[in-house]
Amino acid sequence: MKLQNPVFPMFFILFLCSVSILASTALAQQQTNITIGNNESFTPSTISLADSSNTQFNYYPVPGNASGPPVPEKGYVVEHLGDGLYFLGNGVYNTMFMVTEGGVIAIDAPPAIGDKYLQAISEVTDKPVRYFIYSHTHKDHVGSAHIFPDNATYIAQEETANQLSLANDSSRPLPDITFTDKYEIRVDNEPVLELDYPGVTHEAGNIYIYAPKQKALMFVDVIYPGWVPFDGLGGSENVTGFMDTPDEITNNYNVDKFIGGHLTRIGSVEDIKAQKEFILDLKSTAQQVIKNVSFADIAKVVGPSNPGNPWAITNSYLDEMTNQCTDELADKWKNRLGGVDIFLDDNCAAMLKSLRLD
Ligand SMILES: [Zn+2]
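Residues numbered from 1 in each chain as written. Predicted model: local features only at pLDDT ≥ 70, side-chain atom pairs only at ≥ 80, totals over all residues.

J.: Is there a simple way to explain the overall build of the chain in this structure?
T.: The helix and strand tally for the chain stands at 10 helices and 14 strands. The 358 residues of the chain split such that 37% are buried. (Helix = DSSP H or I, 4+ residues; strand = E, 2+ residues; numbered from the N terminus. Buried ≥ 20, exposed ≤ 12 C-beta atoms within 10 Å, placed from the backbone.)

Next up, the structure:
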């Protein structure tokens, strides 16, 4: 069973994937029809951005708990978290920056916010940006890191520094300061920001950034306040580390405000606990599904019509487990977390993969 109305048809998702993979071929050959295996014919199309009434892209309504403050026309929201710490978000990406006597400490710089980051800072202070902190390397969060003054000091965990060095990307300047486990930024000998590397979760080098006075914690691409995680358990390099994160946070930090790098609003400790509950539910459901679904049974059904094709059986086996996991959890979570109709199946698939392989 899939979520009832509105549902984004799986066929269409597959279709878009097929189109994107094959688009270059199509353009080169100036054809409108692409033939792939099994003689299925697909007609490539593009999303009509002019047609805002296109109901094909209507998703399940966003639950109240997943909604955030409206984003004004200028394109971003700035919220004071106390003692010079500010939240900055555009409804999809978010980060924070700190204003101190000696200048501004900027954290991350999503290109989706871009130069508006400087505009947002100028709304609350005329002090220059003196420090910049990388949460991790991913361009969608730090691809505008170059917008700050040349004399600003850039800080990153050493794994992040290594990956930035390999990337050799002028939009992500190499850090001036690196650290292995912990690093503190102090003002008048008081720690104002504490950086801590917990090991690999979403990406090697991904750090906690904690403002102790404001009890504000930033940790990007792992906890999703009010929403199911992004595709594939937030694209985790290490699913075990990803799953351990909610407990790590609640055991080690006193958190009033949580900034996750994405989505609609500032999170709370309740959001961190809700993600733990969701992940545990996902894990136990996936464990049960692995017991329920038999590769041999799938082979009996799929094998005869696909002789000599083990991938056909394997794919059907994986799909069946993903579908059972999604069906089991969808109704339970669709009014509690946003995006259940969008990324629950991808998170089921990632959990099943981790349980089978890790
Ligand atoms: Zn990331």
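J.: Hey, could you run me through the pairing of strand E12 (residues 208-211) in this one?
T.: Residues in a regular strand project their side chains so that they alternate between the two faces of the sheet. Burial along E12 is two-sided: the face carrying Tyr208 and Tyr210 and the face carrying Ile209 and Ala211 are both buried. Pairing analysis gives three bridges linking strand E11 (residues 190-196) to E12, with the strands arranged antiparallel. Bridge pairing in E12 places Leu195 opposite Ile209. Of the pairings in the sheet, the one linking E12 to strand E13 (residues 216-218) comprises three bridges and is antiparallel in character. Following the sheet pairing, Ile209 is matched in E13 by Met218. In this antiparallel pair of consecutive strands, E12 and E13, the connection spans four residues, and Lys215 shows a positive phi of 50°. (Pairing = 2+ DSSP bridges.)

J.: Mind showing me how you'd approach helix H4 (residues 158-167) here?
T.: Of the residues making up H4, those classed as buried are Glu159, Thr160, Ala161 and Leu164. Against strand E8 (153-157) and strand E9 (177-179) lie the buried residues of H4. One or two steps after H4, the chain reaches Asn168, where phi turns positive at roughly 50°. (Contact = placed C-beta atoms within 7 Å.)

J.: Can you walk me through the nonpolar core in this structure?
T.: Of all hydrophobic cores here, the largest spans 84 residues; its most connected members are Met96, Phe97 and Phe132. Per-element accounting of this core gives the leading share, eight residues, to helix H10 (residues 340-357). (Core = buried A, V, L, I, M, F, W, Y, C linked by C-beta atoms within 7 Å.)

J.: Please clarify how the packing of helix H8 (residues 295-302) against helix H9 (residues 310-333) should be interpreted in this entry.
T.: Packed helices, taken two at a time, are described by the angle between their axes plus the distance between the axes. Orientation of H8 relative to H9, taken along the N-to-C sense of each, is 120°, at an axis distance of 9 Å. In this view, H8 runs oblique relative to H9, as classed from their interaxial angle. Read as a crossing pair, H8 and H9 show a hand that is right-handed. Here Phe295, Ile298, Ala299 and Val302 of H8 come into contact with H9, specifically with Ala312, Ile313, Ser316, Tyr317 and Glu320. Taken together, the residues that form the contact of H8 with H9 break down as seven nonpolar, one polar and one charged. (Axes fitted to C-alpha atoms, helices over the stretch in contact; angles between N-to-C directions. Parallel < 35°, antiparallel > 145°, perpendicular 65-115°, else oblique. Left-handed = near helix turned anticlockwise from the far one by under 90°. Nonpolar A, V, L, I, M, F, W, Y, C, P; charged D, E, K, R; others polar.)

J.: Is there a simple way to explain the environment of Leu355 in this structure?
T.: The topology assignment puts Leu355 in helix H10. Judged by local crowding, Leu355 falls into the partly exposed class, with 15 C-beta atoms found within 10 Å. Along the backbone, Leu355 and Val239 are 116 residues apart, and their C-alpha atoms lie at a distance of 9.4 Å. Other than its neighbours up to four places away in sequence, Leu355 contacts Ala286, Gln287 and Ile290.

J.: I tried to follow helix H2 (residues 116-124) on my own but got confused; where do I start?
T.: Given 3.6 residues to a turn, an α-helix orients residues that are three or four positions apart in the same direction. Every buried residue of H2 is listed here: Tyr117, Ala120 and Ile121. Mapping the buried residues of H2 onto a view down its axis gives an arc of 100°, with all of them on the same face. Summarising the geometry of H2, the exposed residues directed more than 90 degrees from the buried face are Ser122 and Glu123. Tucked into the core, H2 has its buried residues touching strand E3 (77-82), strand E4 (85-89), strand E5 (94-100), strand E6 (103-107) and strand E7 (129-133). (Arc of directions from axis to C-beta.)

J.: Whenever I open this one, the pairing of E4 confuses me. Can you help?
T.: Here E4 lies mainly inside the structure; five of its five residues are buried. Covered by surrounding structure in E4 are Leu85, Phe87 and Gly89 together with Tyr86 and Leu88, the residues of both alternating faces. Bridging between E3 and E4 involves five bridges; their strand directions are antiparallel. Looking across to E4, one finds that Gly82 is bridged to Leu85. Hairpin connection, E3 to E4: the antiparallel pair is bridged by two residues, and Asp83 has positive phi, about 50°. Between E4 and E5, which pair antiparallel and follow one another directly, the connecting turn spans four residues, one of which, Gly91, has a positive phi of 95°.

J.: When you look at the packing of helix H6 (residues 239-252) against helix H7 (residues 269-292) in this model, what are you seeing that I'm missing?
T.: Packing of H6 against H7 brings their axes to within 9 Å, and their N-to-C directions diverge by 145°. The two elements H6 and H7 meet at a crossing, and its hand is left-handed. Where H6 abuts H7, its residues Met243, Pro246, Asp247, Ile249 and Thr250 lie against Val269, Ile272, Lys273, Gln275, Lys276 and Ile279.

J.: Is there a simple way to think about the sheet that holds E13 in this case?
T.: In a beta sheet, neighbouring strands pair by backbone hydrogen bonds and run either parallel or antiparallel. Spatial strand order, E10-E11-E12-E13-E14: five strands in an open sheet with mixed pairing. The strands lining the two open edges of the sheet, one partner per strand, are strand E10 (182-187) and strand E14 (257-259). For this sheet the average axis-to-axis angle between neighbouring strands, irrespective of direction, equals 20°. The pairing of E13 with E14 spans three bridges and is parallel. Across the sheet, residue Leu217 finds its bridge partner in E14, namely Phe258.

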